[in-house]
Amino acid sequence: MKLAIYSLKKILFQGSAQMLNCKTAVGEITVLDNHIPLIGVLKEGVMKVVDEEKKEHFFPVKSGFLEVRSNNEVRSIVEE
């Protein structure tokens, strides 16, 4: 999936990913390829991204939004 994670100051991650795990207002979720469309509010926690080379990336988040689109694209705006 194409994944972009933005903060107000910089791009935290932009590229292909196998998995995204994060905490939302309704609970912890994992987004994989071809996930159903979703818009969610992020809660404080750590976003975990596994990229195409299976390398793990961790981003501390205070709050934010997550959008999963039907074209296998995921975008997130976060407050660090």
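The text that follows walks through the structure, step by step, so that each part is easy to find. This is a predicted model, so every value here is computed, not measured. (Residues numbered from 1 in each chain as written. Predicted model: local features only at pLDDT ≥ 70, side-chain atom pairs only at ≥ 80, totals over all residues. Heavy atoms only, no water.)

With that settled, consider unusual backbone geometry. Phi at Lys54 takes a positive value of approximately 65 degrees, unusual for a residue other than glycine. Within the fold, Lys54 resides in the loop between β5 (45-51) and β6 (56-61). Relative accessible area serves as the criterion here: at 61%, Lys54 is assigned to the exposed category. With phi around 60 degrees, Asn72 is a residue other than glycine that occupies positive phi space. (Helix = DSSP H or I, 4+ residues; strand = E, 2+ residues; numbered from the N terminus. Buried < 20%, exposed > 50% of the residue type's maximum accessible area, 1.4 Å probe, protein only.)

Our next topic: the pattern of salt bridges. Counting across every chain of the model gives three salt bridges. Residue Glu56 is joined to Lys48 by a salt bridge in which the shortest nitrogen-to-oxygen separation is 3.3 Å. For Glu56, a relative accessible area of 42% puts it in the partly exposed group. Looking at Lys48, the relative accessible area reads 25%, which means it is partly exposed. (Salt bridge = Lys/Arg side-chain N within 4 Å of Asp/Glu carboxyl O.)

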